[in-house]
Amino acid sequence: ASGGGMIMAWLNKHHTIYSRATRHPFILSTRDGTVDLSSFKRWLEQDYIFVREFVPFVASVLLKAWRESEDGSDMEVILSGLASLNDEISWFKKEALKWGVLLSGTSPQKANQDYCRFLESLMSSEISYTVAITAFWAIEAVYQESFSLCLKHGSRTPAELMETCQRWGSDSFGQYCHSLQMIANKRLEKAPDYILGKAEEAFLSVLEHEIEFWNMSNGEW
Ligand code: HMH
């Protein structure tokens, strides 16, 4: 691949499914201000469960970086992500109170369980750092791309949803995703073909799980 690295090539190649993950009807209705607030609440309670499962996944990526990366700055980027998840869990609790959502009474729906099981499979020591960091980048990038759409000029995002959109749609979260993308690209550049194949497969699995995750907000499970 040229200039933009492997990830740019994959984003072009898999443009259709990437758009389905980043321009889902839930996000488009948030941006247009027509979102059903019960959908938002369903998303909120399910994402809280997801983020709690995401913590050990990110910790596993940190461990792989420590073992496999020669570049010490990788670990700092991943650590900053792990640290912000601490703040994120507090934010979910605060946001749930605001919406009258009872987090302790929530159980994960099937799409959430499937996604969490996929994360768990990536935590295995048999999964290489290159594959894990690619999946990690993709997970964060889908939210960044999605929620930043709700902050764009001309969007009609309801005021009470702006904090959510800013959490993942902000420029600072965008910078962080860009750092993850550069790390992933650097690893992919040096990876043998069979690892490239596995990383591309993991990227596509993330997109499929993200689409199913957004679908849950419809309440059609
Ligand atoms: C489902 N994907 C899902 N939830 C999140 N919080 C993120 C990605 C971003 O961290």
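Scroll up a little and you will see the structure.
Residues numbered from 1 in each chain as written. Predicted model: local features only at pLDDT ≥ 70, side-chain atom pairs only at ≥ 80, totals over all residues. Heavy atoms only, no water.

**Digging into the overall build of the chain**
- Scanning the chain from terminus to terminus reveals 10 helices and zero strands.
- Taken over the C-alpha trace, the chain has a radius of gyration of 17 Å; the compact-globule value for 221 residues is 17 Å, and the two agree within 12%.
- Seen through its C-alpha atoms, the chain measures out along the principal axes to roughly 50 × 35 × 30 Å.
- Each of the 221 residues in the chain was classed as buried or not, and the buried ones make up 52%.
- Of all intrachain contacts in the chain linking residues separated by at least 6 positions in sequence, the fraction that spans at least 24 positions is 87%.
- Accessible surface for the chain amounts to roughly 10800 Å². Of this, 51% is attributable to carbon and sulfur atoms. (Helix = DSSP H or I, 4+ residues; strand = E, 2+ residues; numbered from the N terminus. Rg over C-alpha atoms; globule rule 2.2 N^0.38 Å. Buried < 20%, exposed > 50% of the residue type's maximum accessible area, 1.4 Å probe, protein only. Contact = heavy atoms within 4.5 Å. Areas by Shrake-Rupley, 256 points an atom, 1.4 Å probe, with all protein chains shown as cover.)

**What to know about the packing of aromatic side chains**
- By the definition in use, this model includes 27 aromatic pairs.
- When the centroid spacing of 6.4 Å and the interplanar angle of 70° are considered together, the rings of Tyr115 and Phe213 count as edge-to-face. Separated by 98 residues along the polypeptide, Tyr115 in helix α6 (residues 110-122) and Phe213 in helix α10 (residues 193-216) bring together distant segments of the chain.
- Pairwise contacts between aromatic rings join Phe26, Phe40, Trp43, Tyr48, Trp91, Phe92, Trp99, Tyr143, Phe147, Trp168 and Trp214 into one cluster. (Phe/Tyr/Trp six-rings, centres within 6.5 Å; stacked < 30°, edge-to-face > 60°.)

**Topic: the side chain of Asp74**
- Topologically, Asp74 is positioned in helix α5 (residues 72-99).
- Contacts of Asp74, omitting those with residues within four sequence positions, involve Ser69, Tyr129, Ile183 and Lys186.

**Some remarks on the site of the ligand**
- The ligand sits among Asp47, Phe50, Val51, Phe54, Tyr115, Ile139, Glu140, Tyr143, Trp168, Glu210 and Phe213.
- Take Asp47: an N or O atom from its side chain is 2.7 Å from a nitrogen atom of the ligand.
- Between the ligand and Glu140 there is a distance of 2.7 Å, counted from an oxygen atom to a side-chain nitrogen or oxygen.
- In isolation the ligand exposes 290 Å². Once the protein is present, 99% of that is buried.
- For the shell around the ligand, the elements supplying multiple residues, two or more each, are α4 (37-68), α7 (129-149) and α10.
- The dominant element in the shell around the ligand, judged by the number of residues it contributes, is α4, at four residues.
- Its residues assigned to classes, the shell around the ligand comprises eight nonpolar, no polar and three charged. (Near = heavy atom within 4 Å. Polar contact = N/O pair within 3.5 Å; in protein donor to acceptor, adjacent residues only side chain to side chain. Nonpolar A, V, L, I, M, F, W, Y, C, P; charged D, E, K, R; others polar.)

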